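# Chains, contacts and geometry: an overview
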Amino acid sequence: MSKLLNKIFKNSRSSNEDGNFCRKIFQITGLKPVEITYYKLAFTHRSMNLLDPTGTPINYERLEFLGDAMLGSIIASYLYLQVPNGDEGYLTKMRSKIVSRENLNAIGKDLDLISNVESKMGNQQFGENIHGNLLEAIIGAIYLDRGYPACEKFIHEKLLSKVVDIQQLETKITSYKSLLIEWCQKNKHSFKFDTFEENTAEELKYFGVKLSIGDKIVAKARATSKKKAEEKAAQRAYFALQEKIKK
């Protein structure tokens, strides 16, 4: 695999550029790359349209998949050891909170991973999740290059040391929509998200949402995707109804 990547990337950077790139990887990971091509792959966006000899796309998405799996495994191990009394359901919820898109995007942004992306698109065209996706790709690259221990060290230093406070995580709400739906179902309240695309003069496409519980509209919101708009509306509804929800 690394030999194939070397052939694909051999003309993409000069030796000086490779040296600078290695220094950047060391600054990001705290590790000296053994096989630099894995890290080049971790920053190759699909818009580059690179293909291997069999026609398979060359970009960071497969590394992202691998990194996501490694992240889940290492976080699961950490929680298993740190919370010996936690049952399966508790541990699963806590892992989901730690590896939330919010956390991964924040860490990826803090590491400024996007500045290293090889792409034919402008950075402003990427969605917010690019930061977390790149973080997962880097984790996948570390695993292939340096193995499990190095991967575990990186995750502990860059993620667990920054976002994990067990007591705070226990009370953190990761999805207002899920919480609100659960409350409605438990109390036999009907609910409905009415989502529509807004026609505006703005460059970005926006979606509007009206959230109804029973026959009453309890919250409205708008965002650049249906999912975000529904989550924002649910959050507003939660704060409007939190006294009833917490009973």
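Just so you know, these numbers come straight off a predicted model, no measurement behind them.

Definitions and limits used
- Residues numbered from 1 in each chain as written.
- Predicted model: local features only at pLDDT ≥ 70, side-chain atom pairs only at ≥ 80, totals over all residues.
- Heavy atoms only, no water.
- Salt bridge = Lys/Arg side-chain N within 4 Å of Asp/Glu carboxyl O.
- Helix = DSSP H or I, 4+ residues; strand = E, 2+ residues; numbered from the N terminus.
- Buried < 20%, exposed > 50% of the residue type's maximum accessible area, 1.4 Å probe, protein only.
- Arc of directions from axis to C-beta.
- Polar contact = N/O pair within 3.5 Å; in protein donor to acceptor, adjacent residues only side chain to side chain.
- Lys, Arg positive; Asp, Glu negative; His and termini not counted.
- pLDDT = per-residue confidence, 0-100.
- Core = buried A, V, L, I, M, F, W, Y, C linked by side-chain atoms within 4.5 Å.
- Contact = heavy atoms within 4.5 Å.
- Phe/Tyr/Trp six-rings, centres within 6.5 Å; stacked < 30°, edge-to-face > 60°.
- Pairing = 2+ DSSP bridges.
- Axes fitted to C-alpha atoms, helices over the stretch in contact; angles between N-to-C directions.
- Parallel < 35°, antiparallel > 145°, perpendicular 65-115°, else oblique.
- Nonpolar A, V, L, I, M, F, W, Y, C, P; charged D, E, K, R; others polar.

### Topic: the pattern of salt bridges
Considering all chains together, one arrives at six salt bridges under this definition. In this structure, R101 and E136 form a salt bridge, with 2.8 Å as the shortest nitrogen-oxygen distance. Of this pair, R101 sits in helix α6 (residues 101-110) while E136 sits in helix α7 (residues 130-146); the two residues are 35 residues apart in sequence, bridging distant segments of the chain. In this structure, the salt-bridge partner of D194 is K192, at a minimum N-O distance of 3.6 Å. Look at K192 and you get partly exposed, because its relative accessible area is 48%.

### Quick notes on helix α5 (residues 88-98)
Residues L91, M94, K97 and I98 constitute the buried set of α5. Seen along its axis, α5 keeps its buried residues to an arc of 125 degrees; they face one direction. Away from its buried face, by an angle of more than 90 degrees, α5 presents the exposed residues E88 and K93. Capping the start of α5 is the job of one residue whose side-chain oxygen sits 3.3 Å from the backbone nitrogen of G89: D87.

### Observations concerning the side chain of D52
Tracing the backbone through its elements, the reader meets D52 in the loop between β1 (50-51) and β2 (57-58). It turns out D52 is buried and unbridged, and the closest side chain with the opposite charge, R62, is 7.8 Å from it. From its side chain, D52 meets the backbone nitrogen of T56 in a polar contact 2.9 Å long.

### Looking at the confidence of the model for the chain
When pLDDT is averaged across the chain, the result is 84; 85% of the residues are at 70 or more. When mean pLDDT is taken per element in the chain, α7 scores highest with 96 and helix α1 (residues 2-9) scores lowest with 55.

### Re the nonpolar core
Soluble globular proteins tend to pack their nonpolar side chains together in the buried interior. Formed by 44 residues in total, the largest nonpolar core has its most connected members in F43, I155 and L159. Residue assignment for this core shows that the elements contributing at least two residues are α2 (15-29), α3 (36-42), α4 (61-82), α5, α6, α7 and α8 (148-163). Top element by residues in this core is α7. It accounts for eight residues. Sequence-distant contacts of I155, defined by excluding residues within four places in its chain, comprise M70, L71, I74, I75, I139 and L160. Judged by nonpolar contacts, the second largest core, of 18 residues, contains Y176, A223, A237 and Y238.

### Digging into the packing of aromatic side chains
One pass over the full model with this rule turns up two aromatic pairs. Measuring from ring centre to ring centre gives 6.1 Å for F21 and F43, while their planes differ by 85 degrees; the resulting arrangement is edge-to-face. Of the two residues, F21 sits in helix α2 while F43 sits in the loop between α3 and β1, which places them 22 residues apart along the sequence. Residue classification places F21 among the buried residues on the basis of a relative accessible area of 3%. Note on Y238 and F239: the rings are 5.4 Å apart at their centroids and 75 degrees apart in plane angle, and the pair reads as edge-to-face.

### Description of the sheet that holds strand β5 (residues 216-223)
Spatial ordering of the open sheet is given by β3-β4-β5, a layout of three strands whose pairing is antiparallel. Of all strands in the sheet, those bounded by a partner on one side alone are β3 (191-198) and β5. Going from strand to strand, the sheet's axes swing by 20 degrees on average, the running direction of each strand aside. Across eight bridges, β3 lies against strand β4 (residues 206-213) in antiparallel orientation. Looking across to β4, one finds that D194 is bridged to K210.

### Description of the packing of α4 against α7
For any two helices packed against each other, the geometry is given by the interaxial angle and the distance between the axes. For the pair α4 and α7, the least separation of the axes is 7 Å and the interaxial angle reads 80 degrees. Judged by the inter-axis angle, α4 sits roughly perpendicular to α7. When α4 is examined against α7, the residues L63, E64, L66, G67, D68, M70 and L71 are found in contact with a partner set consisting of N133, E136, A137, I139, G140, A141, Y143 and L144. Classifying every residue of the contact of α4 with α7 gives nine nonpolar, three polar and three charged.

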